[in-house]
Amino acid sequence: MTDRTKKRVAIVGAGIVGVAVASYLQRAGHQAILVDPNGPGQGASFGNAGCLNPSSLVPIAGPDTFRRVPSYLRDPLGPLAIRWSYLPRLAPWLIRYGLAGTPGRIEQQARALKSLTWPAFDALMPLVRDAGADSLVRRTGILIVYRSDKAWEADARPWNIRRRYGVEWQELNAEELRQFDPNLARDLTRAKYVPNNGHTIDPAGLVVALANHVLKNGGEHVRAEVKGFALDGNRLRGLQTSTGEIPADAAVIAAGAHSKPLAACLGDKVPLETERGYHLMIRNPETMPRVPTTDAEFSVVATPMQHGLRMAGTVELAGLNAAPNWERSRMMLGRARKLLPGLAEDIAEDRLSMWMGHRPSLPDSLPVIGQSTGSPDVFYAFGHQHVGMTTAPYTGKVIAEIVSGRPAPIDLSPFRPDRF
C-alpha cells in the first residue's frame, strides 16, 4: 500500500469490535487511532459471558418470544425485566422488535448473522496468535442443559433454524450428560453439546492483549469522548472530542450502546437500544462446569474463567442512565447452585463481585455495518447485541476492506443504517 492510499483512521470505541477493527486496519496498511475515554475492554466487552459461538445465528425476536414475555415480567428477577418508567421511550423499539419476529424476516436475519458468526475463529485466531494471547481462547464447545422434555420442546424453533444453516451438535441423555460433566445437577435430563463453539477465559484480558498489539505496531489510544465530526462539505477532516480535534482521513463508529448520537450527527437515525446485562463472579469456586453451560430454564450462562466462575445473562430494558438493580446479579448465585450443587451454601461476600453493562441492540438483532450516509469517510460497526465477542473479528475484517476501497466480502445490505 502506498503512502497516498494509507489512511489515518480513528476508531471510536475500544471494546472488542473497535479493537478488532483497529487490528485489521493495521493489517491492511492503515494507521489506527483508538478513541475512548476508558481503557480497552472496559464496556460490554468486560462483563459478557465470554462465549465465541459460530452457532449464534438465530435472531432474538421470534413468534414464541412474546408468548414468554408475560411470564418473564411476572418474575422481577426473571430473564427479562422492563423499567416501567422507561416504557414510553422504549415503545417504538418494542414495536420494531415485534415486527422483526416474522418467519420470513427471521430467515433473512439468520442468513445475515451467519455471514458474521461462521468465520469467527478464522478471523479471530490470527489476531490472537499475533498478540500472544492463545492461552485466553478455548475451542472446547458449549453446553445447553434442560430439566424437562417440555423445556426441550419449547427450545425447538431456534435449533431447527440452526440445523438448516449447518450448525452441528450432539444430543445427550441424562446419563451421557453426567459422564460429560459430573459437576452438573442431577435433575438435568437432556443437553445439547455444540463442539465447534468456544469461549475466552478472560474477555477483558483478551481485548487488552489485542489492543496492546495494536499499540505495539504503531497504533494510538486517545483517551477522549467524541462529540462530533469536523467535516469539509461531506469529507472528514477529523473528530471533535473533549480534548480537541483529532485529525483523521476516515473514522469508524464502534462505540457500542453509545453509538446512536454519533450516527445521528451524520443524519442516520438508528433505533439503537441497550439491553442491560448483569453478571456475578464467584472467585475460587468449589466447582465449575467443564465448558460454558447455558441453563435453558433460567437463560443464564455459567462460564469457567481464569478468575473464577462467571454467571451471566438476563435482559433489562431501562436505558443507559438508570441505576443498576444489583438483585439481578445477586439472584444468579441461586441459579448457580441449582446448576452446580457442589458450590458452597455460604459463600463469603469477598468472593463475589457484580457487574452491569450495556449490550448495543437493534430490533432485528443485526448490527449496523457499512458507510454512513453523511460522509463517505465515516463507517459504522456497532449494535452487535449478544454476539459481540463472536462477530467482532469478522466485522473488523469487513470494515478494513471497505475503508481500503475494496468490495465488502459479504452482502452488507442487511446491515445498512437506513434499513428501518
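For the structure given in this document, a descriptive report is provided here. (Residues numbered from 1 in each chain as written. Predicted model: local features only at pLDDT ≥ 70, side-chain atom pairs only at ≥ 80, totals over all residues. Heavy atoms only, no water.)

Moving on, we come to the side chain of S375. Assignment of secondary structure puts S375 in the loop between β20 (368–371) and β21 (378–382). A residue is classified by how much of its surface remains accessible, and S375, at 1% relative accessible area, is buried. The residues touching S375, leaving out its near neighbours within four places in the chain, are L231, N234, R235, L236 and L266. (Helix = DSSP H or I, 4+ residues; strand = E, 2+ residues; numbered from the N terminus. Buried < 20%, exposed > 50% of the residue type's maximum accessible area, 1.4 Å probe, protein only. Contact = heavy atoms within 4.5 Å.)

Turning our eyes to something else, we now look at the packing of helix α5 (residues 103–117) against helix α13 (residues 388–403). In a packed pair of helices, the relevant descriptors are the angle between the two axes and the axis-to-axis distance. Two elements in contact, α5 and α13, have axes separated by 7 Å at closest approach and are oriented at 75°. For the element pair α5 / α13, the angle class is roughly perpendicular. The segment α5 lies against α13, with S115, L116 and T117 engaging T390, T391, Y394 and T395. A class-by-class count of the residues in the contact of α5 with α13 yields two nonpolar, five polar and no charged. (Axes fitted to C-alpha atoms, helices over the stretch in contact; angles between N-to-C directions. Parallel < 35°, antiparallel > 145°, perpendicular 65-115°, else oblique. Nonpolar A, V, L, I, M, F, W, Y, C, P; charged D, E, K, R; others polar.)

If you check helix α1 (residues 16–27), its first and last C-alpha atoms are 16 Å apart, about what twelve residues at 1.5 Å a residue would give, namely 16 Å. Counting buried residues along α1, eleven of its twelve residues qualify, which places the element largely inside the surrounding structure. All buried positions along α1 are accounted for by I16, V17, G18, V19, A20, V21, A22, S23, Y24, L25 and Q26. Residue G29 follows α1 closely and has a positive phi angle near 95°. (Expected span 1.5 Å × (residues − 1).)

So, on to the pairing of strand β17 (residues 300–305). Where burial is concerned, most of β17 is hidden: six out of the six residues are buried. Here β17 shows two buried faces, one formed by V300, A302 and P304 and the other by V301, T303 and M305. If you look at the hairpin formed by strand β16 (residues 293–295) and β17, you'll find four residues sitting between the two strands, and S299 has a positive phi there, around 55°. By the bridge criterion, six bridges tie β17 to strand β18 (residues 308–317) in an arrangement that is antiparallel. (Pairing = 2+ DSSP bridges.)

Within the structure shown, the criterion is met by six aromatic pairs. Ring centres 4.8 Å apart and planes at 50° place the aromatic pair F180 and Y193 in the tilted group. One end of the pair, F180, is in helix α9 (residues 174–180); the other, Y193, is in strand β8 (residues 190–194), and 13 residues separate them in sequence. Ring geometry for Y278 and W326: centres 6.1 Å apart, planes at 90°, overall edge-to-face. Of this pair, Y278 sits in strand β15 (residues 273–282) while W326 is found in the loop between β18 and α12 (327–339), placing the two residues 48 residues apart along the sequence. The buried category is assigned to Y278, whose relative accessible area is 1%. Between the NZ or CZ atom of R290 and the centre of the ring of F180, over which it lies, the distance is 4.0 Å. (Phe/Tyr/Trp six-rings, centres within 6.5 Å; stacked < 30°, edge-to-face > 60°. Lys NZ or Arg CZ within 6 Å of the ring centre and 35° of its normal.)

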